[in-house]
Amino acid sequence: MFKRVFLIVMDGLGVGETIDAEKYDSLNANTLKHVLETREYYLPTFEKLGLLSLVSKGNEPKAGYYGKIAPLNKAKDTLNGHYEMMGVILDKPFKTYPDGFPILLISEIQRVTGKEVIGNVAASGTEIIKELGEMHMKTGAIIVYTSDDSVLQVAAHEDVVSVEELYDICDKISKIVLTEEYGIGRVIARPFVGEPGNFTRTEKRKDFASIPPRNYMTLLYENGLDVIALGKIKDIFADTNITTAIKTKNNIDGIVKLVDFSRTDFNGLLFLNLNDTDTLFGHRRDSEGYLKALEEIDAYLPAFINKLTDDDLVIFTGDHGNDPTYKGTDHTRENVPLVIYSKKFRYRGYLGLKDTYACIGATIVDNFGIKNDLEYGESFLDILK
């Protein structure tokens with residue numbers, strides 16, 4: 001039906017607790033609803049598309065289809081969310097280390113990197129560099145920390161450890177921890193700059209992940225279609241089954257690049273992650289900043305939508321929740337939005353609650369007439385009219 005499919009992930013955008021939210025300490029979480037309660041807002045594009053109606057905050061949508069999707073993977077993190085969209089359901093979740101990493105692992109990290117380690121706690125990234133940044137600058141020891149998610153993060157000041165050296169350190173660590181023994185999902189390099197009392201993380205973050213199992217991107221790639229990855233999609237999928245990959249500095253840069261590609265004649269999938277809502281505002285429990293980020297996306301979207309033709313399909317979704325009004329600083333277990341738009345649509349309507357994010361990938365390969373040999377995900381292409 002469509003020559004180009006644009007899949008836009010608004011990172012950390014949930015629309016209400018899942019049926020199993022209690023198991024993930026996420027009862028009553030609802031990222032979008034609680035953000036919209038922060039103050040008066042102006043989101044005309046999202047309201048028109050139906051996003052606000054998912055939390056009963058908008059008028060009747062004027063374009064496209066809207067609904068919700070429940071996660072099937074037993075986790076609430078970026079890797080599991082994006083994997084699931086592409087049909088990857090893991091038998092068991094990646095391991096987490098809420099009390100820090102085993103001392104034997106820390107010793108091995110020190111051995112292979114030649115660096116001392118400080119930190120080794122579950123902490124907010126901004127808080128850990130505030131606490132240990134000065135010690136790091138004095139000693140040269142790298143800051144290692146984690147969160148409620150399956151991730152090992154390494155922070156270093158760019159004047160102490162160059163960005164390239166930090167990437168090399170994380171690459172060496174990834175070869176140890178992205179294994180069955182430790183079961184960690186990602187290693188993340190976190191460069192920062194500034195002076196004690198005024199440290200700032202930079203946009204030079206880099207994720208190291210293991211090669212993902214066969215997925216819907218694999219099917220697209222094997223069938224000669226374009227698979228364009230914008231933002232951190234390249235890192236999440238370990239730069240596999242991708243024809244073009246471009247990193248982005250922030251949400252606005254992501255939208256600008258989205259508009260640029262809307263002018264090109266590609267045939268396949270463009271997969272974009274807009275990360276600021278999660279990293280800058282969800283984790284920092286900044287409702288006002290989160291709402292402002294949504295308003296900025298909303299303001300820039302018309303420049304993209306106006307470039308679309310009848311041959312284009314747009315899918316907006318999230319990868320997990322990150323309710324900035326919730327306790328702690330970690331993700332929340334939530335359903336995510338499913339908002340679908342095309343100029344070709346003659347109808348609009350509510351899609352209800354889908355049972356796995358994998359329905360997105362299944363729909364995309366169905367659109368291109370590709371035989372689906374993966375286990376998870378049911379296409380909803382036939383109801384889009």
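Residues numbered from 1 in each chain as written. Predicted model: local features only at pLDDT ≥ 70, side-chain atom pairs only at ≥ 80, totals over all residues. Heavy atoms only, no water.

Asks: Where do I start with helix H9 (residues 251-262) in this structure?
Replies: Two residues of an α-helix separated by three or four positions point the same way, owing to the 3.6 residues in each turn. Taking 1.5 Å per residue as the helical rise, H9 with its 12 residues ought to reach 16 Å, and the 16 Å between its terminal C-alpha atoms agrees with that figure. Among the residues of H9, those classed as buried are Asn 251, Asp 253, Gly 254, Ile 255, Lys 257, Leu 258, Val 259, Phe 261 and Ser 262. With a side-chain oxygen positioned 3.3 Å from the backbone nitrogen of Ile 252, the residue opening H9 is Asn 250. (Helix = DSSP H or I, 4+ residues; strand = E, 2+ residues; numbered from the N terminus. Expected span 1.5 Å × (residues − 1). Buried < 20%, exposed > 50% of the residue type's maximum accessible area, 1.4 Å probe, protein only. Polar contact = N/O pair within 3.5 Å; in protein donor to acceptor, adjacent residues only side chain to side chain.)

Asks: Can you help me understand the sheet that holds strand S10 (residues 244-246) in this one?
Replies: Two modes of strand pairing occur in sheets, parallel and antiparallel, and in both the strands are linked by backbone hydrogen bonds. Here eight strands make up an open sheet; going across it, the order is S10-S9-S11-S1-S12-S13-S2-S14 and the pairing mixed. Looking along the sheet, the strands with just one partner apiece sit at the ends: S10 and strand S14 (349-354). Taken pair by pair, the neighbouring strands of this sheet meet at an average axis angle of 15°, ignoring direction. As paired elements, strand S2 (residues 65-69) and strand S13 (residues 336-341) share five bridges and run antiparallel to each other. Note on S13: the bridge partner recorded for Gly 67 is Leu 338. (Pairing = 2+ DSSP bridges. Axes fitted to C-alpha atoms, helices over the stretch in contact; angles between N-to-C directions.)

Asks: What is the right way to read the pairing of strand S9 (residues 226-230) from this model?
Replies: Regular strands place side chains that alternate from one sheet face to the opposite one. Burial analysis of S9 places four of its five residues in the buried class, the great majority of the element. Relative to strand S11 (residues 268-274), S9 is paired through five bridges, and the arrangement is parallel. Paired with Ala 229 across the strands is Phe 271, a residue of S11. Sheet topology places S9 next to S10; three bridges connect them, and they run parallel. Along S10, the bridge assignment pairs Ile 228 with Thr 244.

Asks: Please clarify how the nonpolar core should be interpreted in this entry.
Replies: Nonpolar side chains in soluble globular proteins generally cluster together in the buried interior. Counting residues in each nonpolar core, the largest one holds 44 residues, and the members touching the most others are Leu 7, Leu 220, Phe 271, Ile 315, Ile 340, Ile 360 and Ile 364. At five residues, the largest contribution of residues to this core is made by helix H12 (residues 358-367). In contact with Ile 340, not counting residues within four places along its chain, are Gly 64, Tyr 65, Leu 313, Val 314, Ile 315, Phe 345, Leu 351, Phe 380 and Leu 384. Residues Leu 51, Ala 63, Val 259 and Ile 297 belong to the second largest nonpolar core, which totals 41 residues. (Core = buried A, V, L, I, M, F, W, Y, C linked by side-chain atoms within 4.5 Å. Contact = heavy atoms within 4.5 Å.)

Asks: Please explain the pairing of strand S5 (residues 151-157) as it appears in this structure.
Replies: Counting buried positions along S5 gives seven out of seven residues, so the element sits mostly inside the fold. Here S5 shows no split at all, with Val 151, Gln 153, Ala 155 and His 157 on one side and Leu 152, Val 154 and Ala 156 on the other all buried. Direction of pairing for strand S4 (residues 142-146) relative to S5: antiparallel, over a ladder of three bridges. When the sheet's bridge partners are listed, Ile 143 is paired in S5 with Ala 155.

Asks: Please explain the side chain of Asn 367 as it appears in this structure.
Replies: When you line up the elements, Asn 367 lands in helix H12. A polar contact of 3.2 Å, which involves the side chain of Asn 367, links it to the backbone nitrogen of Met 1.

Asks: How do you make sense of the environment of Leu 90 when you look at a structure like this?
Replies: Mapping Leu 90 onto the fold places it in the loop between helix H3 (78-85) and helix H4 (103-113). For Leu 90 and Asn 80, which are 10 residues apart along the polypeptide, the C-alpha to C-alpha distance reads 8.1 Å. Not counting chain neighbours up to four residues away, the residues in contact with Leu 90 comprise Asn 73, Asn 80 and Tyr 83.

Asks: What should I look at first to understand a negative patch on the surface in this one?
Replies: Negative charge collects at one region of the surface, where Asp 355, Asp 366, Glu 378 and Asp 382 lie side by side. Take Asp 355: it is sitting in the loop between S14 and H12. Note on Asp 355: relative accessible area 60%, which makes it exposed. (Patch = residues over 30% accessible without salt bridge, like charges linked within 9 Å, V, L, I, M, F, W, Y side chains within 5 Å. Areas by Shrake-Rupley, 256 points an atom, 1.4 Å probe, with all protein chains shown as cover. Salt bridge = Lys/Arg side-chain N within 4 Å of Asp/Glu carboxyl O. Lys, Arg positive; Asp, Glu negative; His and termini not counted. Charge placed at Lys NZ, Arg CZ, Asp CG, Glu CD.)

Asks: Which parts of the structure should I look at to understand the environment of Pro 196?
Replies: Turning to its location among the elements, Pro 196 is positioned in the loop between strand S6 (186-195) and strand S7 (198-201). Residue Pro 196 is classed as partly exposed on the basis of its relative accessible area of 41%. Once the C-alpha coordinates of Pro 196 and Ile 129 are considered, the two residues, 67 residues apart in sequence, prove to be 9.1 Å apart. Not counting the four nearest positions on each side in its chain, Pro 196 is found in contact with Glu 134 and Met 137.

Asks: I tried to follow the packing of aromatic side chains on my own but got confused; where do I start?
Replies: The geometry of an aromatic ring pair comes down to the distance between the two centres and the angle between the two planes. All chains considered together, the criterion is met by 10 aromatic pairs. For the pair Tyr 65 and Phe 345, a centre-to-centre distance of 5.1 Å together with 85° between the ring planes defines the contact as edge-to-face. With Tyr 65 in strand S2 and Phe 345 in the loop between S13 and S14, the pair connects residues that are 280 residues apart, well separated along the chain. Take Tyr 65 and Phe 345: they sit in the same class, and that class is buried. With a centroid separation of 5.7 Å and 40° between ring planes, the pair formed by Tyr 83 and Phe 237 is classed as tilted. Here Tyr 83, found in helix H3, pairs with Phe 237, found in the loop between helix H8 (233-236) and S10; they are 154 residues apart in sequence, far enough to count as distant. Phe 237 carries the same exposure label as Tyr 83, and that label is buried. Counting every residue linked through ring pairs, the aromatic cluster contains Phe 2, Tyr 65 and Phe 345. Over the ring of Tyr 167 we find Lys 206, and its NZ or CZ is 5.1 Å from the ring centre. Positioned above the aromatic ring of Phe 2, the side-chain terminus of Lys 344 is 4.8 Å from the ring centre. (Phe/Tyr/Trp six-rings, centres within 6.5 Å; stacked < 30°, edge-to-face > 60°. Lys NZ or Arg CZ within 6 Å of the ring centre and 35° of its normal.)

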